[in-house]
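An overview of the molecular structure
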Amino acid sequence: MAAVQDGPKELDVDAKPEIDGTANLSGNPVSGPLSSSPPAGGAPKAEDQQTLLAVLQFLKRNNLSESVDILRREAGLTEVQEDSLVDGASGVKSGEDQPDVSVVLSAYSQQGDPSLYKVYYSNLKSFIESVLDCHRAELSQLFYPLFVHMYLELVYNNHENEAKAFFEKFSGDQECYYEDDLRILCSLTKKEHMKGNEVLLDFRTSRFVLRISRDSYQLLKRHLQERQNNQIWNIIQEHLYIDIFDGMPRSKSQIDSMSGSLAGEGKREVNKVKVFHGLLKEPEIEVPLDDEDEEAENEEGKPKKKKAKKDNIGSKSKKQDPNAPQQNRIPLPELKDSDKLDKIMYMKESTKRIRLGPENLPSICFYTFLNAYQGLTAVDFTDDSSLIAGGFADSTSDDVLERIMDEKTASESKILHGHSGPVYGVSFSPDRNYLLSSSEDGTIRLWSLQTFTCLVGYKGHNYPVWDTQFSPFGYYFISGGHDRVARLWATDHYQPLRIFAGHLADVTCTRFHPNANYVATGSSDRTVRLWDGPIHSLTFSPNGKFLASGSTDGRVLLWDLGHGLMIGELKGHTDTVYALRFSSMDNTVRLWDIVKAIDDVETDDFTATTGHIHLPDNSQELLLGTYHSKSTPVIHLHFTRRNLLLSAGAYNS
């Protein structure tokens, strides 16, 4: 497998993209790092066999027999073939190491003179700092992956003193977004420390992706050949994946906006997978006029007009979106009479929606949880803004206000006990009959809001579950946790329907696309994945075309799903962004003009082969308003159907 890609000719499927397509919810593989089916025209590669075997063993350990059968069937694997794979894997064990660990670490046994490592790195650093500014930013991307692999080679070959000196001299040169990784790396000072370290294994097995212009790459190649710096060239060939593009080199701001992931940048080829981002066709439901509308007509002295009582928004949504998936692509529950009434109410309220813009900002209603000494960890509103739920660190899920929009009944509170650890995620079902809660105890619980009792406890995650969310149509829900995978569930199945694996660290947030055909996951490995950046918050635009992500560095990034590209960056928050809605922890709510951000992007750049676009540095121009709370971090945001903005958090005394 080549380590360097020249244009779009080669595709390395081992690298992990920042936004990629791996599997759709219907179970059809699209592309990505994990595929259970063998390639056409031959048997699976050895790495694919090991991955398939590991997944099967994991499912068996957790008694997920249905998932085992499904995976075998999709992979075309019989039990006899599986046994032969097990026998083959067991025959390569040596010593105390597991096969994958020993294979991973053995790559560091080939090393040069340890005293020359600082010289090699210093020479490369001097060269990069001496080139033109336009090339310096791109070539500086080499510093971090080379630094890590050279340090690990020294540690693995028992050169502890040289490794310590190397780390102390060059660790300060790395970018700020790698600080957490460097803290972990500095604790690996002996060969024994490397065994079983998840971060190390992830970094070693994932080829670090760098995107460099052809001119910059030629400069680097010429320098290494002239200096005969084989040590660095070998690391580049074995551990890095250089994605070369034709065009002008990228600027420092463009590189910073896409960098910081444990696996480098996303790959252009993987992010070109077709995404059906359009909305599903709405069912035809007649919407009667309000009584107040009829009275208003009579007051004007005009007779009632006999016209079809249909809402304008409803009629517009009945047109088939050319970018929408097929209606039957994902089995969805049938609409009940109560669901139809809800849709009628939604359409009627939509006619009274306030049109927002730079000159007409929304009103904000802030719900502060007072005396929340047990620690507020999660908040959710129902779609009709009638209920609010809070999750707490004392293992309770609290349906705080039963009718938050009605002052007469807003005092009633229900406390739901059941989890044995802090509750980190809560989500209402679209019909407001159920509530999901995810917890540190590794379970997701489904609660009835009619009887206020726990109906089901879903077990599948082995570690804390950080987030969960219902599908826009109910029935399905998604969860993500410390075990670095996201799971797709159905409320009437106690085992997950799909397991989405690929992140290199905790899956901290999960969101369904408005058409329910895709799931987006954000991870502390600083990537966002779209399943057919650490990221702490995600939200889709109402039209399904765009995705926004918020992270610990206070930045909000905008992504175009159809092209798999980042199209905007919003700077302003000074701490972690935990809540996003289209239309943080620094105790502020900020309103951004997303329409202007999208309009300012040059659409012609989408067709370029460079895999990136030129971002306008105008985030402050997009900031419409900043609203400070007294001392309350913002945990959740929600736009009502009439465009009132609701926000919630716990008072921090």
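Small disclaimer: the values here were computed from a predicted structure and weren't measured. (Residues numbered from 1 in each chain as written. Predicted model: local features only at pLDDT ≥ 70, side-chain atom pairs only at ≥ 80, totals over all residues. Heavy atoms only, no water.)

Okay, the nonpolar core next. Grouped together as the largest cluster of nonpolar side chains are 42 residues, with contacts concentrated most on Phe147, Phe166, Leu185 and Ile236. Considering each element in turn, this core owes the most residues, 11 residues, to helix H7 (residues 143–156). In contact with leucine 185, other than residues within four places in its own chain, are Phe147, Val148, Tyr151, Leu152 and Phe167. Among the nonpolar cores identified, the runner-up in size contains 14 residues, and Phe540, Leu557, Trp559 and Leu561 belong to it. (Core = buried A, V, L, I, M, F, W, Y, C linked by side-chain atoms within 4.5 Å. Buried < 20%, exposed > 50% of the residue type's maximum accessible area, 1.4 Å probe, protein only. Helix = DSSP H or I, 4+ residues; strand = E, 2+ residues; numbered from the N terminus. Contact = heavy atoms within 4.5 Å.)

Below, the discussion takes up the UniProt feature "repeat: WD" (unreviewed entry) in the protein. UniProt records the feature "repeat: WD" (unreviewed entry) at residues 416–451, 458–489, 500–532 and 535–561, using the numbering of this structure. Here residues 416–451 runs as 0% helix and 56% strand, with 11 Å between its end C-alpha atoms. Annotation note: span residues 458–489, helix share 0%, strand share 59%, distance between end C-alpha atoms 9 Å. (UniProt positions renumbered as here; feature names shortened; annotations may be inferred.)

This next bit is on the sheet that holds strand E10 (residues 434–439). Spatially, four strands are ordered E9-E10-E11-E12 in an open sheet, and the strand pairing comes out antiparallel. Looking at which strands have only one partner, the edges of the open sheet turn out to be strand E9 (423–428) and strand E12 (453–459). Strand-to-strand twist in this sheet, taken as the mean axis angle between neighbours without regard to direction, amounts to 20°. Pairing geometry for strand E11 (residues 443–448) and E12, over six bridges, is antiparallel. Pairing of threonine 443 across the sheet is with lysine 459, part of E12. (Pairing = 2+ DSSP bridges. Axes fitted to C-alpha atoms, helices over the stretch in contact; angles between N-to-C directions.)

Right, let's get into the pattern of salt bridges. Overall, the coordinates contain 18 salt bridges when judged by the stated rule. Put simply, glutamate 175 and lysine 252 hold a salt bridge, and the shortest N to O gap is 3.4 Å. Of this pair, glutamate 175 sits in the loop between helix H8 (160–170) and helix H9 (179–185) while lysine 252 is found in helix H14 (residues 252–258), placing the two residues 77 residues apart along the sequence. Through salt bridges with shared partners, one network takes in Glu349, Asp383, Arg641 and Arg642. (Salt bridge = Lys/Arg side-chain N within 4 Å of Asp/Glu carboxyl O.)

So, on to helix H13 (residues 230–239). All of the buried residues along H13 are Gln231, Ile232, Ile235, Ile236 and His239. Taken around the axis of H13, the buried residues stretch over an arc of 135°, which confines them to a single face. (Arc of directions from axis to C-beta.)

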